[in-house]
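Okay, here's what each chain looks like letter by letter:
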Amino acid sequence: MPATAQSRRARLVRRVVVAGTGVAILALPVVGATTASAATTSTASTTVAGYPNTLDGWIRESLAIMAQKGIPGTYNGIYRNVIRESSGNQYAINNWDSNAAAGTPSKGLLQVIDPTFNAYHVAGTSFDPYDPVANITAACNYAAAVYGSIDNVYGAY
């Protein structure tokens, strides 16, 4: 098969696979639905406060709590730091740095060690450092005290 035809076929196969997957995912809620409303029911979970149980929802819920408590920070500042620190993995743990060697590994979305999490914990959030909203809010509270805002943090803190 000529190289151009082979390349075009590979692109076509990728498109079909992606399109096929997309169609299958979109069709799944409809298959077996007994009523029209069953097909439109959202399967995404939400937090207790009603935000989507996703990184976007956790950040937005944290920002709402931060606004009530007077803790500065923006969506972009939080998101940038979360992606750098944990790639959005709420269960991320650093078992190799100096904190870990001292017995207090960094945990969660914003890689907070337990003493910092406990010292900057924000009332009304979970006491679990892996809880995404509690982790973000405590980290932002710490960043506000030390750097003025999470928006001013551009590296490990």
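Residues numbered from 1 in each chain as written. Predicted model: local features only at pLDDT ≥ 70, side-chain atom pairs only at ≥ 80, totals over all residues. Heavy atoms only, no water.

Engineer: Would you mind showing me how to read the environment of Leu110 here?
Structural biologist: Looking at the secondary structure, you find Leu110 in the loop between β2 (106-107) and α6 (114-120). Along the backbone, Leu110 and Gln90 are 20 residues apart, and their C-alpha atoms lie at a distance of 8.4 Å. In contact with Leu110, other than residues within four places in its own chain, are Ile78, Asn81, Val82, Glu85, Asn135, Ile136, Ala139 and Tyr157. (Helix = DSSP H or I, 4+ residues; strand = E, 2+ residues; numbered from the N terminus. Contact = heavy atoms within 4.5 Å.)

Engineer: Just to check I follow, could you spell out the nonpolar core for this structure?
Structural biologist: Burial of nonpolar side chains together is a common tendency in soluble globular proteins. Judged by nonpolar contacts, the single largest core of 22 residues is most densely connected at Ile78, Ile136 and Cys140. If you list the elements that add at least two residues to this core, you get α3 (55-69), α4 (75-86) and α7 (132-147). With seven residues, the top contributor of residues to this core is α7. Those residues in contact with Ile78, other than ones at most four positions away along the chain, are Ile59, Leu63, Met66, Leu110, Ile136, Cys140 and Ile150. (Core = buried A, V, L, I, M, F, W, Y, C linked by side-chain atoms within 4.5 Å. Buried < 20%, exposed > 50% of the residue type's maximum accessible area, 1.4 Å probe, protein only.)

Engineer: Please explain unusual backbone geometry as it appears in this structure.
Structural biologist: Only a minority of non-glycine residues have a phi that is not negative, and only a minority of peptide bonds are not trans. Phi angles above zero are rare outside glycine, and Ser87 is one such case at about 55 degrees. With respect to the helices, strands and loops of the structure, Ser87 is situated in the loop between α4 and β1 (93-94). Although it is not a glycine, Gln111 sits at a positive phi angle of roughly 50 degrees. With respect to the helices and strands, the residue Gln111 is situated in the loop between β2 and α6. With a relative accessible area of 13%, Gln111 lands in the buried category.

Engineer: Got a minute to help me understand the packing of α3 against α4 in this structure?
Structural biologist: Axis angle and axis distance: for two packed helices, these are the angle between their axes and the distance between the axes, and together they describe the pair. Where α3 meets α4, the axes come as close as 10 Å, and the angle between the chain directions of the two elements is 130 degrees. By the angle class used here, α3 and α4 are oblique. Of the two elements, α3 crosses α4, and the hand of that crossing is right-handed. Here α3 contributes Leu55, Asp56, Ile59, Arg60, Leu63 and Met66 to the contact with α4, which in turn contributes Tyr75, Ile78, Tyr79, Val82 and Ile83. Considering only residue class, the contact of α3 with α4 consists of nine nonpolar, no polar and two charged. (Axes fitted to C-alpha atoms, helices over the stretch in contact; angles between N-to-C directions. Parallel < 35°, antiparallel > 145°, perpendicular 65-115°, else oblique. Left-handed = near helix turned anticlockwise from the far one by under 90°. Nonpolar A, V, L, I, M, F, W, Y, C, P; charged D, E, K, R; others polar.)

Engineer: How should α3 be read in this particular structure?
Structural biologist: Two residues of an α-helix separated by three or four positions point the same way, owing to the 3.6 residues in each turn. For α3, built from 15 residues, the straight-helix expectation of 21 Å at 1.5 Å per residue is met to within 8% by its first-to-last C-alpha distance of 21 Å. Among the structural elements, α4 and α7 are those in contact with the buried residues of α3. Once α3 ends, the next one or two residues include Gly70, with phi positive near 75 degrees. (Expected span 1.5 Å × (residues − 1).)

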